[in-house]
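Here are the chains, one letter per residue:
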Amino acid sequence: MEKYIDQGAKDTRSGFGAGLLELGRKNTKVVGLCADLTGSLKMNAFKDEFPDRFFQVGIAEANMMGIAAGLTVGGQIPFTGTFANFSTGRVYDQIRQSIAYSGKNVKICASHSGLTLGEDGATHQILEDIGLMKMLPGMTVINTCDFNQTKAATIAIAEHTGPVYLRFGRPKVPNFTPEDQKFEIGKALLLKEGKDVTIIATGHLVWKALEAADHLAQKNIDAEVINIHTIKPLDIEAILNSITKTSCVVTAEEHQKNGGLGESVAAVLSQHLPTPQQFVAVNDSFGESGKPEELLEKYGLSTTNIVEKAEAVIRRKN
Amino acid sequence: MADIEFLKKVCSQVRRDIVRMVHAAQSGHPGGSLGCTEFFVALYFEILEHHPGKFDMEGRNEDLFFLSNGHISPVYYSVLSRSGYFELAELHTFRKINSRLQGHPTTHEGLPGVRIASGSLGQGMSVAIGAALSKKLNGDQHLVYSLHGDGELQEGQVWEAAMFAPNHNVDNLICTIDANGQQIDGSTDSVMPLGSIQDKFKAFGWEVMSIENGNDIEQVLHGLKKAKSLSGKGKPICIVMNTDMGYGVDFMQGTHKWHGIAPNDEQLENALAQLKETLGDYR
């Protein structure tokens, strides 16, 4: 299969902004809400082109979630934008009652997730949001890996009826998925075929998983790389198909081990196909200030960490 | 013109429904429900332009109502049912297993008339604002109404919403505050004094008005009609409505003690003796 190549560094949040603008042009029901982070969320282009369909809420995220829920009554499709921490932890009860339990068609779009937010430090680096959101009944949870995928996901979730959590980030990272790649909610993407170990990655760690596969190839280890962009609903079939072949798995995510993608994969495997698994994730710890790459290294989320975990899990086979 | 005598009959019957439902479930919130009976009856039987027989979640081309203080679900369910949203017999299922009449209102079980879940306090004003904005986007001239407890104003989100609505000219919104001065732990003055609710909303930029006696159906009707006439003038409207918690049942009246407890058999009998059966009890 064709090898994925880095087409240049771009931020995933700009993919969201580009997707929202395109959506705004083709669907008049799409409205945007932002809590004083329009520039950071790259929502300015939408705001400028559709001022009547953009609502500046101020620093009041709880109110933003409630207004978004209300806007769905009458058929609007609201996209809320703020940092991941303020999109989830700060407003969990509002999302739970007014959006999830009420079954409202709100798209909760969250930037600056995870450690790669960088210098702002642990107050803003939420590493629990996937867990929080996947526990809510009926919530779709998506964590995209690059600019193109984030843009495609933003457009795709407008076609899905029901609440969605769309997680992306701040730094510029390799943009490597094809611009025309179809985004199907709940459908995993096989990025590289292999037979010795499956690496299942989400978000910013997908590119690192591909890098890790290159390093492993130099050691004669043939790794399969799967991009799970939708953590809920999880593509169980794709996971089981791959692991039936490789018999071991590494999961990689910029999130706590507790509550993350790895935990969801483990739950599937323990039920259907008990398999050795290693986790590349933050281990019950808060983050700190630093450059994104420094943080990924310090907290065990680097390419090298994925390689080491792959070698370790292969040793556990048999 | 409203038939005041008929509306009074509805109020008496709704109060019987409330105490019977809470008694049957041995659980629920009779105090605030009894206090807000006139408001609900005036709204659903006289003020709202709505389509009870053909409920549609999107609520286009009709007025909408959102209950923020969801615990007063007994009065909400009784009035929804008696105004035609669902069969009266369903009131039997209140708070019981497999019911659409959950302890607190929800859209989750598909009960006609309910457009948002509420119960966790402080969220309804934001939702009502969103629905009002949606009406404006759709070019729909109908209004959005909401009800909030006074104790509920202690939640911070209410003031986020209160700041938003005037700044975005949400003038198709009429929020009523049930000022009964009571909350679970005691009077609002003893738990967390609210000061002047009127002055607070005025300071935030709302058009503020009062209903001196929210248990007088004529005053409630007059107040809601006046609020309607003030809509469309650039400001959201806040009605501070004084009510007596537990109104209509002497031993429940004017105290926080009947906020969330059910009457026993003897108390039910006593309460029903004070409330005339006017339109027939649900069976």
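Residues numbered from 1 in each chain as written. Chains lettered and ligands numbered in written order. Predicted model: local features only at pLDDT ≥ 70, side-chain atom pairs only at ≥ 80, totals over all residues. Heavy atoms only, no water.

A.B. asks: For the domain arrangement of chain A, give the residues involved together with the corresponding values.
C.D. replies: Residues and elements named next belong to chain A. You can read the domains of chain A as domain 1 (10-173) and domain 2 (189-313). The C-alpha-based centres of domain 1 and domain 2 are spaced at 25 Å. Carbon and sulfur atoms make up 56% of the surface buried where domain 1 meets domain 2, a total of about 2,400 Å² over both sides. Looking at the side of domain 1 facing domain 2, the largest losses of area belong to Leu115, Leu127 and Lys134, adding up to 28% of the total buried there. Our enumeration of links across domain 1 and domain 2 arrives at one salt bridge. Taking the shortest distance from any N to any O, the salt bridge between Lys134 and Glu263 comes out at 3.2 Å. If you list the elements that add at least two residues to the side of domain 1 that touches domain 2, you get α6 (129-134) and β6 (140-143). (Domains from an automatic or database assignment. Buried area = accessible area lost by both parts, 1.4 Å probe. Salt bridge = Lys/Arg side-chain N within 4 Å of Asp/Glu carboxyl O. Helix = DSSP H or I, 4+ residues; strand = E, 2+ residues; numbered from the N terminus.)

A.B. asks: A description of the packing of aromatic side chains should follow, citing residues and the corresponding values.
C.D. replies: Residues and elements named next belong to chain B. Applying the stated rule across the entire model yields 21 aromatic pairs over all chains. The interplanar angle of 10 degrees and the centroid separation of 6.5 Å between the aromatic rings of Phe40 and Tyr44 together place this pair among those described as stacked. Taken together, the residues span about one helical turn, with Phe40 and Tyr44 both in helix α3 (residues 37-47) at a distance of four residues. We note that Phe40, like Tyr44, is buried. Ring geometry for Phe251 against Trp258: centres 5.5 Å apart, planes inclined by 70 degrees, an arrangement best described as edge-to-face. In this structure an aromatic cluster arises from ring pairing among Phe39, Phe40, Tyr44, Phe55, Phe65, Tyr76, Tyr77, Tyr85 and Phe94. (Phe/Tyr/Trp six-rings, centres within 6.5 Å; stacked < 30°, edge-to-face > 60°. Buried < 20%, exposed > 50% of the residue type's maximum accessible area, 1.4 Å probe, protein only.)

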